[in-house]
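Observations on chain architecture
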Amino acid sequence: MVVSGAAADTGIATALPSEAASRLAWHDLECGGYEADLALWRELAAAQQGQVLEVGAGAGRVSLDLARAGHAVTALDHDRALLSAIESRRGGAVVQAAHADARSFSLPGCEFGLCVVPMHTIQLLRDRDQRGAFLRCARTHLRRGGLLACAILTRVEPFDCRDGGVGPAADSAHVDGLLYSSRPVRVEVRGGEIVIERERRILGARDGSGSVGEAEEERMVELVRQCDEAILAQLRRAQLEREAQAAGFQVEPARAIARTDEHVGSTVVMLRG
Ligand SMILES: C[S@@+](CC[C@H](N)C(=O)[O-])C[C@H]1O[C@@H](n2cnc3c(N)ncnc32)[C@H](O)[C@@H]1O
């Protein structure tokens, strides 16, 4: 929902970004700064033989980190704009981008020692049929004894500050002359789903106006305001483990990623192919 106008109405010189460019900017802002899980993925990658597959790799937060640590990584995602960012950011690191859907991918000739599904990507597959399709694809691409590790949100803390109550602070970043700001305003658990709503705003600088000492946002004009809803399946560890066993995996003890001041903790379901 866009509630304010385009740059042309406001005297802002900077053009509004394309859909793909703003998708990348939001992804970087909302996912790119998370680091609490990286140590675990590095540990798992170091302990496995062979190449690493990340499913739902986004702009490469995890894939690029593992590739820079010396692993050969395939980063799979269904969003071409995010995969392009991986290609332009990889430098000398060995990362292969694969444009495919997690539920139906086929990477001929590839056999991985480790497949990781960080953050809560598996919960974007909202029913057992979709997750079953992914689990079967993942198993087909793992070498014998390879590991699939999927992070899931364990404890969510519902809140609603859409009417101005106190809630989490906004994250913001400058991209191509615009200020992107994203603030979680609601987390709701309903009917087996977790709804995460964010208020997203794009602001541009007013030409030559604004006084010294004025707060940055006051010197800027709001170009876009929209609400974004991400819907995740509410998925418990035992349920995912049962679904994985049905797809032929052996369950190993789960690992934990601790909560931080800004992020809830996760459980990492560990599945041996
Ligand atoms: C929460 S982000 C996680 C990004 C990255 N793994 C990270 O940890 O920073 C989820 C990613 O999964 C991708 N995704 C969602 N559903 C997908 C599907 N069915 N097939 C492939 N990718 C998918 C999205 O495009 C997005 O990049």
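Note that the structure is a prediction, hence the values are computed from the model and not measured.

Re helix 1 (residues 19-31)
The terminal C-alpha atoms of helix 1, which comprises 13 residues, lie 18 Å apart, in line with the 18 Å expected from a rise of 1.5 Å per residue. Within the span of helix 1, buried status applies to Ser22, Leu24, Ala25, Trp26 and Glu30. Looking at the buried residues of helix 1, the elements they touch are helix 4 (80-89), strand 7 (171-175), strand 8 (178-190) and strand 9 (193-205).

Quick look at the packing of helix 5 (residues 128-141) against helix 6 (residues 237-246)
Running from N to C, helix 5 and helix 6 cross one another at 55 degrees; their axes reach a closest spacing of 9 Å. In terms of orientation, helix 5 and helix 6 fall into the oblique class. Like other packed secondary-structure pairs, helix 5 and helix 6 cross with a definite hand, here right-handed. The segment helix 5 lies against helix 6, with Arg128, Arg131, Gly132 and Leu135 engaging Glu243, Ala244 and Ala246. Classifying every residue of the contact of helix 5 with helix 6 by side-chain character gives three nonpolar, one polar and three charged.

Observations concerning the site of the ligand
Around the ligand, 17 residues are found, and the nearest of them are Gly56, Gly58, Arg61, His78 and Ala102. Across the shell around the ligand, the residue classes tally to eight nonpolar, four polar and five charged.

Some remarks on the environment of leucine 24
Topologically, leucine 24 is positioned in helix 1. Residue leucine 24 is classed as buried on the basis of its 21 C-beta neighbours within 10 Å. On a C-alpha basis, the gap between leucine 24 and methionine 119 in space is 17 Å, while along the polypeptide they are 95 residues apart. Leaving out residues up to four positions away in the same chain, leucine 24 has contacts with Ala59, Ala81, Leu82 and Ala85.

Examining the sheet that holds strand 4 (residues 112-117)
Pairing within the open sheet is mixed, and its seven strands lie in the order 3-2-1-4-5-12-11. Of all strands in the sheet, those bounded by a partner on one side alone are strand 3 (95-99) and strand 11 (250-257). Across the sheet, the axes of successive neighbouring strands diverge by a mean angle of 20 degrees, strand direction being ignored. Strands in contact with helix 4 are strand 2 (73-77) and strand 3; relative to strand 3, the strand with the most contacts, it is inclined by about 170 degrees. Each of strand 5 (142-153), strand 11 and strand 12 (266-272) is contacted by helix 6, which is oriented at about 20 degrees to strand 12, the strand it contacts most.

Describing unusual backbone geometry
Most peptide bonds take the trans configuration, and most residues that are not glycine carry a negative phi. The phi angle at methionine 119 is positive, at roughly 50 degrees, despite the residue not being glycine. Here methionine 119 is to be found in the loop between strand 4 and helix 5. Backbone geometry places aspartate 176, a non-glycine residue, at a positive phi of 50 degrees. Mapped onto the secondary structure, aspartate 176 falls in the loop between strand 7 and strand 8.

Some remarks on the nonpolar core
Formed by 62 residues in total, the largest nonpolar core has its most connected members in Ile86, Cys115, Leu148 and Cys150. Take this core: its biggest share by element is seven residues, from strand 5. Split by domain, this core shows at least three residues from each of two domains, domain 1 (7-29 + 156-232) and domain 2 (31-155 + 235-272). Among all residues touching cysteine 115, those that are not within four sequence positions of it are Leu53, Val55, Ala138, His141, Leu142 and Leu148.

Section: the domain arrangement of the protein
What the domain assignment reports for the protein is domain 1 (7-29 + 156-232) and domain 2 (31-155 + 235-272). If you look at the interface, domain 1 gives 10 residues, while domain 2 gives 14 residues. The dominant element in the side of domain 1 that touches domain 2, judged by the number of residues it contributes, is helix 1, at six residues. Here the side of domain 1 that touches domain 2 is built from residues that sort into six nonpolar, one polar and three charged.

What counts as what
- Residues numbered from 1 in each chain as written.
- Predicted model: local features only at pLDDT ≥ 70, side-chain atom pairs only at ≥ 80, totals over all residues.
- Helix = DSSP H or I, 4+ residues; strand = E, 2+ residues; numbered from the N terminus.
- Expected span 1.5 Å × (residues − 1).
- Buried ≥ 20, exposed ≤ 12 C-beta atoms within 10 Å, placed from the backbone.
- Contact = placed C-beta atoms within 7 Å.
- Axes fitted to C-alpha atoms, helices over the stretch in contact; angles between N-to-C directions.
- Parallel < 35°, antiparallel > 145°, perpendicular 65-115°, else oblique.
- Left-handed = near helix turned anticlockwise from the far one by under 90°.
- Nonpolar A, V, L, I, M, F, W, Y, C, P; charged D, E, K, R; others polar.
- Near = placed C-beta within 6 Å.
- Pairing = 2+ DSSP bridges.
- Core = buried A, V, L, I, M, F, W, Y, C linked by C-beta atoms within 7 Å.
- Domains from an automatic or database assignment.

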